[in-house]
Amino acid sequence: MIQEYTVRRVLPKKAKPRDEKLPEHLPRHEVLAEAASSDQQCSQHGVREVVGYDQTETLEFERPKLRVRVTKYPKYACPGHPECGLAQAERPAGLVEGNRYDTSVAAEIVVGKYGFHLPIYRQQDWFAGSGWTPHRSTLLNILASAAYVLEPLYQHYANLVRTSPLIATDETRVILLLPPDIPLPRAGDAKSQRIHEVLSKARAEHKSHASARMWVYRNFGRDGVNVFDFTVSRHRDGPQEFLKNYIGTLLGDCYAGFESIELASESRLVRAACNAHARRYVYEAREHHPLEATQLLALYRRLYDIEDQARGKSPQEVLALRRESSVPIMAQLRQWLDSDAAERVLPKSRLGEAVRYLKNQWDALTVFLGDGRVPIDNNEVEQLMKQVATGRKNWLFIGSVEAGYRAAILLTIVSTAHRHQLDVWLYVKDVLDRLLAGERDLVSLQADRWAQSHPEAIRQYRVEETRYRADAKATRRARRRLAEHPSSPGK
């Protein structure tokens, strides 16, 4: 039976002519091009007059400039009355003792490492090119001080994510160097006991490092936040601690720890699985089982076509569309899994692994059918892991457990600002300034709220680029559906 589709015909956009003009807001300085004396003199009429100019504009780059702000604090006294003592303006709180380094320096270090993936030793060269050659320990101390100041906002973000009805999560590996002395566990503290256990085991195996994990928890909506969390292992006590008392739906891969957390939650938590993982298992089986894999992939293609049509609709509209169109397709998929054809597949083959995965995770894979807020897959969160993976290729390792916690704080702030298309440097600096000044309204410091009050800090070129990619993707899919079903109704 040919599946009918409602196809939104998307006309391709005409490519805009490229604007090669240099931005008007950039300062300009004029340089007069000197002509040769032979061009200024005429052999017959003598000195030539200037009758006009041709003008070209050339963009120049100047290295960042550093300057030292000298703040003078006047001392006031009563003449002839030393008993009155001295009076002086109160000194503001600074990142480090003596307020030696401004928040602008801290913002540059934070964004350099977690936004542009520059390890500290490269940043040392970067600052040296501007006339200041700091010790690497100095840069690390400024980074640590910034994380300390930003921690309240990090905790606010974590609480904000935990109030969401839907959380998506994923994790990736990071290398943790072993400290000279393994920290002792604290009584009743499961986290410290896990740290002691993992590091002691690595030390007993004569390793120089342990395989730690960086997790991310992502909510959905206008107040979108990406919260990172560092653990020394992949044990379930990491997400179990973060999601303690959480009520809602957790979307992730089929990590066994999530199943244990779901069971221990006493139905407070509903686990949803990623269909992209299931599809990937089928895709990897296509070489040795082309007929069966093609059939299953065709079903998944139809599911994703429906998700494409649901994009931009309300959760209620998405749920209605899925019940009408996706539920029958998933029923066909389940029917094939229970068929004799599936029973004949060798369990240890690639297709056998795909069948087993689909059957074992079926309940979690079908959660999206009953909730219009739940995505069909976890791809958006998995893409966040690239932020850690790209950085990991540059800074290579995490030097201590405390450094792992700091990395989670700073990754959260930078990644969330990036998610809202902000100028991350401006956001980090302003948040540091306001927290140091005693700001307690953390809601106003959320990236989404901050963007509303600082529209000039929104990177419009990124907004347009995101919109263009979404439109181009929708156009490609619409054209493919029309090519496959040219007689299908459209609007």
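Predicted, not measured: the structure shown is a model, and the values here were computed from it.

### Some points on the side chain of T412
Tracing the backbone through its elements, the reader meets T412 in helix α15 (residues 401–419). With residues near it in sequence (within four places) discarded, T412 still touches Y154, Y157, N226, V227 and F228.

### Topic: unusual backbone geometry
The bulk of non-glycine residues show a negative phi, and the bulk of peptide bonds are trans. Phi is positive for N99, which is not a glycine, with a value near 50°. Among the structural elements, N99 can be located in the loop between β4 (87–88) and α2 (103–114). With relative accessibility at 31%, the residue N99 sits in the partly exposed group.

### Considerations on the pattern of salt bridges
Within this structure, the stated rule accounts for 24 salt bridges. Here E57 and R28 are joined by a salt bridge, their closest N and O atoms 2.9 Å apart. Residue E57 is found in the loop between β2 (46–47) and β3 (75–76), and its partner R28 is found in the segment before α1 (37–40); the two are separated by 29 residues along the sequence. By relative accessible area, which is 44% here, E57 ends up partly exposed. R28 gets classed as partly exposed once you look at its relative accessible area, which sits at 42%. Where R311 meets D308, a salt bridge forms, and the shortest distance between an N and an O atom there is 2.5 Å. Of the residues examined, R311 reaches a relative accessible area of 52% and is grouped as exposed. Within the structure, one salt-bridge network assembled from shared partners comprises E171, R213, R234 and D253.

### A few points about the nonpolar core
In this structure, Y157, M214, F230 and Y427 are the most contacted members of the largest nonpolar core, which totals 125 residues. The element that contributes the greatest number of residues to this core is helix α4 (residues 136–162), accounting for 13 residues. With sequence-adjacent residues up to four places away left out, F230 is seen in contact with V174, L176, A212, R213, M214, I398, V401, G404, Y405 and A408.

### Focus on the sheet that holds strand β5 (residues 166–177)
Here five strands make up an open sheet; going across it, the order is β7-β6-β5-β8-β9 and the pairing mixed. The two strands at the open ends of the sheet, each matched to only one other strand, are β7 (226–231) and β9 (269–273). In this sheet, adjacent strand axes meet at a mean angle of 30° when their direction is disregarded. Where β5 and strand β8 (residues 248–252) come together, three bridges link them in parallel fashion. Its bridge partner lying in β8, I167 is registered against L250.

What counts, and where the lines are drawn
Throughout this document, residue positions are counted from 1 along each chain, in the order its sequence is written. Whole-chain, interface and lining totals are the exception, using all residues; otherwise, since this is a predicted model, local features are given only for residues with pLDDT of at least 70 and side-chain atom pairs are given and counted only at 80 or more. Remark: hydrogens and water are excluded; side-chain values derive from all non-hydrogen atoms of the structure. In this text, helices come from DSSP runs of H or I with a minimum length of four residues, and strands from runs of E with a minimum of two, each type numbered from the N-terminal end. Throughout, a contact is declared for two residues whenever any of their heavy atoms are within 4.5 Å. When accessible area is computed with a 1.4 Å probe and restricted to protein chains, residues below 20% of their type maximum are described as buried, those above 50% as exposed, and intermediate ones as partly exposed. What counts as a salt bridge is simple: a side-chain nitrogen of Lys or Arg found within 4 Å of a carboxyl oxygen of Asp or Glu. In these notes, a set of buried Ala, Val, Leu, Ile, Met, Phe, Trp, Tyr and Cys residues joined through side-chain atoms within 4.5 Å is what counts as a nonpolar core. Strand pairing is assigned whenever DSSP identifies at least 2 bridges connecting the two strands. Axis geometry follows a simple rule: fit a line to the C-alpha atoms, using only the stretch in contact for helices, then measure angles between N-to-C directions, giving values from 0 to 180 degrees.

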